[in-house]
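Next come the chains, spelled out residue by residue.
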Amino acid sequence: MPKGYIKDAPGENGKAVDIPKEFLIESKRLFERNKFNQWASDKISLHRILPDARPKLCKDKVYPGDLPPTSVVIVFHNEAWSTLLRTIHSVLDRTAPDLLIEIILVDDKSVVKELHAPLDAYIAKLAKVKIIRNKKREGLIRSRLNGKSFAASKAPVVTFLDAHCEANTGWLEPLLERIYNDRSTVVCPEIDVISDENFAYQYGPSGLMRGIFNWDLHFRWRAVSTEEQKRRQSPIDPVRTPTMAGGLFAINRDYFKEIGTYDEEMDIWGGENLEISFRIWQCGGTLEIVPCSHVGHVFRKSQPYGFPKGVVDTLGKNSQRVAEVWMDGYKEFFYQRQPHLRGHAYGDISKRLEIRKKLKCKSFKWYLENIYTDAVLPNESVIAKGKVRNPASNMCLDSLSRPKLSYIGLSPCTLSAMTMIISFTVRQELVVQDICLDVSDYNPGTKVQLYECHGMKGNQLWMHEKDGPIRHGTSGMCLDRGSGGNPIIAVCDGGESQKWIFEKYYLNVTPKVKI
Ligand code: UD2
Ligand code: MN
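Residues numbered from 1 in each chain as written. Chains lettered and ligands numbered in written order. Predicted model: local features only at pLDDT ≥ 70, side-chain atom pairs only at ≥ 80, totals over all residues. Heavy atoms only, no water.

> Please explain the overall build of the protein chain as it appears in this structure.
Secondary structure assignment for the protein chain yields 14 helices and 24 strands. Whereas a compact globule of 515 residues would reach a radius of gyration of roughly 24 Å, the protein chain reaches 24 Å, a difference of no more than 12%. With the C-alpha coordinates aligned to their principal axes, the bounding extent of the protein chain is approximately 70 × 60 × 50 Å. A burial count over the protein chain gives 56% of its 515 residues as buried. (Helix = DSSP H or I, 4+ residues; strand = E, 2+ residues; numbered from the N terminus. Rg over C-alpha atoms; globule rule 2.2 N^0.38 Å. Buried < 20%, exposed > 50% of the residue type's maximum accessible area, 1.4 Å probe, protein only.)

> What is the right way to look at the packing of aromatic side chains in this model?
Each pair of aromatic rings is reported with the distance of its centres and the angle of its planes. Summed over the entire model, instances satisfying the criterion amount to 24 aromatic pairs. Centroid distance Phe160 to Phe256: 5.8 Å. Interplanar angle 65°. Geometry classified as edge-to-face. Here Phe160, found in strand S4 (residues 157-161), pairs with Phe256, found in helix H9 (residues 253-258); they are 96 residues apart in sequence, far enough to count as distant. The same class applies to Phe160 as to Phe256, namely buried. Their ring planes at 50° and their centres at 6.5 Å tell us that Phe160 and Tyr262 sit as a pair that is tilted. Taken together, the positions of Phe160 in strand S4 and Tyr262 in the loop between H9 and helix H10 (272-282) put the pair 102 residues apart, joining distant regions of the chain. Judged by relative accessible area, Tyr262 falls into the buried class, the value being 2%. Through successive ring pairs, a cluster of aromatic residues spans Phe213, Trp215, Phe278, Tyr330, Phe333, Phe364, Tyr367 and Tyr372. Note that Lys43 overlies the ring of Trp39, its terminal NZ or CZ placed 4.3 Å from the centroid. Seen from the ring of Tyr122, Lys125 lies directly overhead, with NZ or CZ sitting 5.9 Å from the centre. (Phe/Tyr/Trp six-rings, centres within 6.5 Å; stacked < 30°, edge-to-face > 60°. Lys NZ or Arg CZ within 6 Å of the ring centre and 35° of its normal.)

> Help me understand the pattern of salt bridges in this model?
Where charged atoms of side chains with opposite charge meet at close range, the side chains can pair. Taken as a whole, this structure holds 31 salt bridges when the rule is applied. Here Lys301 and Glu197 are joined by a salt bridge, their closest N and O atoms 3.9 Å apart. Remark: Glu197 occurs in the loop between strand S6 (185-194) and strand S7 (201-202) and Lys301 occurs in the loop between strand S12 (286-298) and helix H11 (311-326); sequence separation between them is 104 residues. Its salt-bridge partner being Lys331, residue Glu324 comes within 3.0 Å of it at the nearest N-O pair. Relative accessible area serves as the criterion here: at 16%, Glu324 is assigned to the buried category. (Salt bridge = Lys/Arg side-chain N within 4 Å of Asp/Glu carboxyl O.)

> How do you make sense of empty space enclosed by the protein when you look at a structure like this?
Where empty space is left in the structure can be found by rolling a water-sized probe over the atoms. Inspection of every chain in the model, using the stated rule, returns one cavity of 30 Å³ or more. Quantified by volume, the largest cavity comes out at close to 50 Å³. Taken together, Cys188, Ile191, Phe219, Trp221, Thr241, Thr243, Met244, Ala245, Gly246, Leu248 and Ile289 form the lining of the largest cavity. A breakdown of the residues in the lining of the largest cavity according to their chemical character gives eight nonpolar, three polar and no charged. (1 Å grid on protein atoms, 1.4 Å probe; cavity = no way out; pocket = protein on both sides within 12 Å on 5 of 7 lines; lining within 4 Å. Points joined across faces, edges and corners; volume = space filled by probe spheres on them. Nonpolar A, V, L, I, M, F, W, Y, C, P; charged D, E, K, R; others polar.)

> Please explain the state of the cysteines as it appears in this structure.
In protein chemistry, a disulfide is the covalent bond that joins the sulfur atoms of two cysteines. Counted under the stated rule, the structure contains five disulfides. Here Cys58 connects covalently by a disulfide to Cys292, the sulfurs 2.1 Å from one another. One disulfide, between Cys58 and Cys292, carries an S-S torsion of -85° and so falls in the left-handed class. You can see Cys58 sitting in helix H3 (residues 56-59) and its partner Cys292 sitting in strand S12, a full 234 residues away along the chain. Assessed through its relative accessible area of 3%, Cys292 is described here as buried. (Disulfide = S-S within 2.5 Å.)

> Sorry, what's going on with the environment of Ile489 here?
For Ile489, the location among the structural elements is in strand S23 (residues 488-490). Judged by its relative accessible area of 0%, Ile489 is buried. In this structure the C-alpha to C-alpha distance between Ile489 and Lys447, which are 42 residues apart in sequence, comes to 6.6 Å.

Without other data, these values stay purely geometric and don't point to any function.
Written out as structure tokens, the structure reads:
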């Protein structure tokens with residue numbers, strides 16, 4: 001067994017960490033600090049073993065003997081010690097030494113004491129690990145560039161990881177192989193979920209998801225398109241993805257420079273992942289997710305750190321720069337979703353436009369026609385939209401700003417709120433503020449939940465025609481206003497409690513879908 005392996009230790013083999021009752025308060029306190037359960041993380045070995053998440057076929061793959069080695073760049077701001085160190089050790093423990101030139105840590109002005117002298121002392125013993133520190137808070141985008149230009153590294157490939165990852169068995173070779181075959185291929189591993197609550201390592205079948213974006217310019221996961229499924233010949237073939245999540249990817253170092261690394265005017269967090277995705281595709285590269293490469297990441301529900309200039313302004317500006325440089329006329333859809341950003345200053349983009357010109361990059365229209373071919377444009381994406389009224393009660397559906405995984409509620413239709421604006425999309429989803437109405441238990445009386453849209457129909461498929469009921473696809477039940485303040489599904493009876501009218505109808509036909 002590898003160094004540090006302790007049988008049955010907390011979290012070992014990717015298991016969840018139990019939090020005894022007496023530590024709940026302490027673990028809640030630490031949760032606030034990092035927005036993940038640091039208490040749990042601190043209990044786990046820095047060398048914990050993970051279940052091998054690769055599909056079987058990957059294990060027999062033979063890789064060329066002369067793959068290009070990489071530098072791994074990890075930027076962090078006030079990261080927890082145990083997650084940062086486990087990221088580093090997972091790379092050192094599970095990477096062939098000749099493929100790893102160095103790990104470059106970039107401290108983006110952390111104030112946490114242990115990330116200074118104690119960290120310096122700790123990594124002094126790790127030959128391949130170096131650290132550079134920003135003089136001021138730069139944000140992850142400029143920090144990554146800082147890391148890349150650091151030292152005399154000759155590594156032909158740069159690999160970026162977030163500071164709360166765990167690289168799994170055999171993670172690197174499949175990425176390097178793609179770059180070795182074609183230097184303009186940019187590759188992401190399959191990102192497995194490390195639970196923010198208990199640090200369990202969770203993974204599903206590989207090769208099923210790709211990255212997309214919505215018109216708010218937020219990154220989203222979606223099922224791989226049928227077109228792409230057909231193009232791939234094996235379940236372990238790389239998946240072409242319209243966008244990358246942003247944190248975990250490998251890229252040929254020279255190619256990264258040629259295509260203009262990152263937009264250095266972007267601050268703190270956000271937008272750079274879509275920017276580099278659009279740029280890669282529009283300027284002749286390829287962006288892939290490689291099913292044979294698995295790396296875990298702690299997905300958080302919110303950020304633990306502040307944005308010195310405020311989230312809205314920072315993220316707004318970053319997203320505007322993406323829209324203004326890469327999206328041509330389609331940027332209008334973004335501004336329609338974010339009208340407060342019209343006229344908002346986004347700085348000078350001339351250098352970025354020069355890159356686009358110099359590389360003779362293609363239009364956003366081309367990207368939508370060739371890469372993200374099933375994107376739904378806002379002007380054709382809804383069958384009906386607005387408040388959804390039950391005439392007999394004059395109550396309207398309302399998500400009431402509930403967090404995800406909660407239930408849809410009701411409010412008097414005389415009120416007005418964004419949480420009452422629901423779209424019935426051409427995909428036949430009922431969407432409120434990016435979240436879908438979802439039913440996973442088909443028994444009558446079940447409350448309708450709010451769930452992240454997955455684009456795979458199933459529990460999120462609905463049917464509705466003007467003046468008719470709203471019928472749930474898989475269960476065949478009807479949306480009923482119920483009696484407890486939460487709409488439910490019920491056997492369709494044509495009753496008053498099952499009538500719903502959208503504020504506005506755009507298309508008079510509901511696409512016919514078999515159920
Ligand atoms: C995702 C990406 C992240 C980045 C982001 C959009 C994954 C798994 N993660 O968000 O890499 O592309 O989308 O911008 O795809 N950090 C700094 N300075 C800052 C802020 C953050 O160094 O001012 C570090 C942070 O410590 C972390 C990394 O940047 O190591 C990414 O930040 P995050 O983990 O908060 O972002 P995440 O995973 O929500
Ligand atoms: Mn992260």
